Amino acid sequence: MSTSSAAPTLHASTWDVECIRADFPTLNQQVHGHPLAYLDNGATTQKPQVVIDTLTRYYQNDNANVHRGVHLLAERATRDYEAAREQVRRFINAASTREIIFVRGTTEAINLVASSFGQRLQAGDEIILTAMEHHANIVPWQLLRERTGVVLRFIPITPQGELELERLPELFNARTRLLACTHVSNALGTINPVEAIIAQAKAYNVPVLLDGAQATPHLRVDVQALDCDFYCFSGHKVFGPTGIGVLYGRETLLESMPPYQGGGDMIRTVSLEKSTFAGLPYKFEAGTPNIGGVIGLGAALAYVMALDGEAVERYEQQLLAYATARLQEVPGLSIIGQAANKVSLVAFVMEDVHPHDLGTILDHEGLAVRGGHHCAMPIMSYYGVPATTRASMAFYNRPDEIDRLFEGLLKARKLLS
Ligand code: C6P
């Protein structure tokens, strides 16, 4: 670790990072002749051995369809599938498992709400979004706008990368039907003051959807304390498998919404004339679900919940402070997103160096970062850049990996500028 005077001291000893790293086999490998420094956790996180073992065990021993068979394997698969739902309920402290819908990921969760909740909206009804959303929380609403004529309004952002909350009151009116906002920005790292946003929305009786894709890997989320109406997240960003995610919905709202897709498992009766639908949560889970993914997600959440949440947050905040200080020492580098409240993610641009070229050079040093628009093109436009480089850290990252990033950036600068 660097002894640079600008960088704060990182007391890694308060968090046994080596012990944690031993749980993640992917981290232990060489890339282009260097030890892997995986700093692309915003894109997807690595999986602890317990998740890998759970998936293997499911496919080796229990593989069967759920809610259908009476045989032992079907019973075991159904039991583990529903146990994972209870694990998700505990993870976000939902009031009931009826409020936990399994979907493919955050993208599908938001599309489900836009499609189903959106059916009740009419031309001229309004939805408030923010200017820092991932495309997953913009495009489904634009598609809804094309279908119905709803109006989209946006909370603007400041150069710091925070929401201009003073502008929020003027966005509400009698036609506002929903506010949909990211909990944490994937491109800036900003943790939004969602409690204050929800309080304002409640005053106008407007339901709130939170995109929790980047929040759940870093923060403890309590949907009842937040009093939000929908909360969406992806399994693969919270140390679980890909292809599985969660839509939390307040039970009364979900009850009032029509099904999203039709098919097996979501019905009560079907005749050639009409169908009636199953109760929650099955009404929204048509067809054979990603059973292995759900069970793997349950294992991932159990792993995360067994960690000391406060220690995780403290350690990640130290990593963030250290990375911010070190990167600020790199000549010609500007950090994009300097909110007061951030998760452990630093996005930046470097004078005269394209993020894709930078990413390639860093890759050859064993450093995995992401370069691009991060599916947040409106944020890139706001800052007037085509793309940024993003180092996104998890609780298994180490300060020496940040030192290696610093050295890699100096090398890239020498080679490219
Ligand atoms: N962001 C990133 O590198 P899916 O793809 O459905 O699991 O998640 C979509 C999504 C929604 N909201 C936010 C805030 C996100 O960050 C993401 C995924 C990845 O930043 C891939 S673009």
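A. Examining the overall build of the protein more closely. Along the backbone of the protein there are 13 helices and 17 strands. Scaling as 2.2 N^0.38, a compact globule of 417 residues should have a C-alpha radius of gyration of about 22 Å, and the protein matches this with 22 Å. Overall, the C-alpha framework of the protein stretches about 70 × 55 × 35 Å when taken along its three principal axes. Here the protein holds 417 residues, and 56% of them are scored as buried. Across the protein, contacts joining residues at least 24 apart in sequence account for 72% of those joining residues at least 6 apart. As displayed, the protein has an accessible area near 16800 Å², and 52% of this comes from carbon and sulfur atoms.

B. Inspection of the pattern of salt bridges at higher detail. Under the defined criterion, the tally for this structure stands at 25 salt bridges. One salt bridge connects arginine 250 with aspartate 229, and the closest N-O pair in it is separated by 2.7 Å. Of this pair, arginine 250 sits in the loop between strand S10 (245-249) and helix H8 (251-256) while aspartate 229 sits in the loop between helix H7 (223-226) and strand S9 (230-234); the two residues are 21 residues apart in sequence, bridging distant segments of the chain. With a relative accessible area of 23%, arginine 250 lands in the partly exposed category. Residues joined by salt bridges that share partners form a network here, namely Lys202, Asp227, Asp229 and Arg250.

C. Region of interest: helix H10 (residues 309-328). Taking 1.5 Å of rise per residue, 20 residues should cover 28 Å, and H10 covers 28 Å from first to last C-alpha, within 8% of that figure. Residue aspartate 308 occupies the N-cap position of H10, its side-chain oxygen lying 3.1 Å from the main-chain nitrogen of glutamate 310.

D. Quick look at the sheet that holds S9. Read from one edge of the open sheet, seven strands run S4-S10-S9-S8-S7-S5-S6, paired in mixed fashion. Lying at the two open borders of the sheet, with one neighbouring strand each, are strand S4 (100-103) and strand S6 (151-155). Pairwise comparison of adjacent strand axes, ignoring direction, gives a mean angle of 20° for this sheet. In this structure, strand S5 (residues 126-130) lies alongside strand S7 (residues 176-182), joined through three bridges in parallel fashion.

E. Structural context of the site of the ligand. Within the structure, the ligand sits among 18 residues, and Thr107, Asp211, Gln214, Ser234 and Arg370 are positioned closest to it. A distance of 2.5 Å separates an oxygen atom of the ligand from a polar side-chain atom of threonine 107. Take histidine 134: an N or O atom from its side chain is 3.4 Å from a nitrogen atom of the ligand. Grouping the amino acids of the shell around the ligand by side-chain chemistry returns four nonpolar, 10 polar and four charged. Domain assignment of the residues forming the shell around the ligand places at least three in each of domain 1 (17-47 + 308-416) and domain 2 (53-305).

F. Inspection of the domain arrangement of the protein at higher detail. Taken domain by domain, the protein holds domain 1 (17-47 + 308-416) and domain 2 (53-305). Placing a centre on the C-alpha atoms of domain 1 and another on those of domain 2 gives a separation of 28 Å. Taken together, the contact pairs 38 residues of domain 1 with 31 residues of domain 2. Carbon and sulfur atoms make up 56% of the surface buried where domain 1 meets domain 2, a total of about 2800 Å² over both sides. Interface area lost by domain 1 to domain 2 is led by Val343, Ile379 and Tyr382, which between them contribute 19%. Our count for the contact surface shared by domain 1 and domain 2 stands at zero salt bridges.

G. Spatial organisation of the packing of aromatic side chains. The full count for this structure, using the stated rule, is 15 aromatic pairs. When the centroid spacing of 5.7 Å and the interplanar angle of 55° are considered together, the rings of phenylalanine 91 and phenylalanine 233 count as tilted. Remark: phenylalanine 233 occurs in strand S9 and phenylalanine 91 occurs in helix H3 (residues 72-92); sequence separation between them is 142 residues. Comparing phenylalanine 91 with phenylalanine 233, the two get one shared label, buried. Lying over the aromatic face of phenylalanine 406, arginine 326 brings its terminal NZ or CZ to 3.9 Å of the ring centre.

Here is what the cut-offs are and how they apply
Residues numbered from 1 in each chain as written. Predicted model: local features only at pLDDT ≥ 70, side-chain atom pairs only at ≥ 80, totals over all residues. Heavy atoms only, no water. Helix = DSSP H or I, 4+ residues; strand = E, 2+ residues; numbered from the N terminus. Rg over C-alpha atoms; globule rule 2.2 N^0.38 Å. Buried < 20%, exposed > 50% of the residue type's maximum accessible area, 1.4 Å probe, protein only. Contact = heavy atoms within 4.5 Å. Areas by Shrake-Rupley, 256 points an atom, 1.4 Å probe, with all protein chains shown as cover. Salt bridge = Lys/Arg side-chain N within 4 Å of Asp/Glu carboxyl O. Expected span 1.5 Å × (residues − 1). Polar contact = N/O pair within 3.5 Å; in protein donor to acceptor, adjacent residues only side chain to side chain. Pairing = 2+ DSSP bridges. Axes fitted to C-alpha atoms, helices over the stretch in contact; angles between N-to-C directions. Near = heavy atom within 4 Å. Nonpolar A, V, L, I, M, F, W, Y, C, P; charged D, E, K, R; others polar. Domains from an automatic or database assignment. Buried area = accessible area lost by both parts, 1.4 Å probe. Phe/Tyr/Trp six-rings, centres within 6.5 Å; stacked < 30°, edge-to-face > 60°. Lys NZ or Arg CZ within 6 Å of the ring centre and 35° of its normal.

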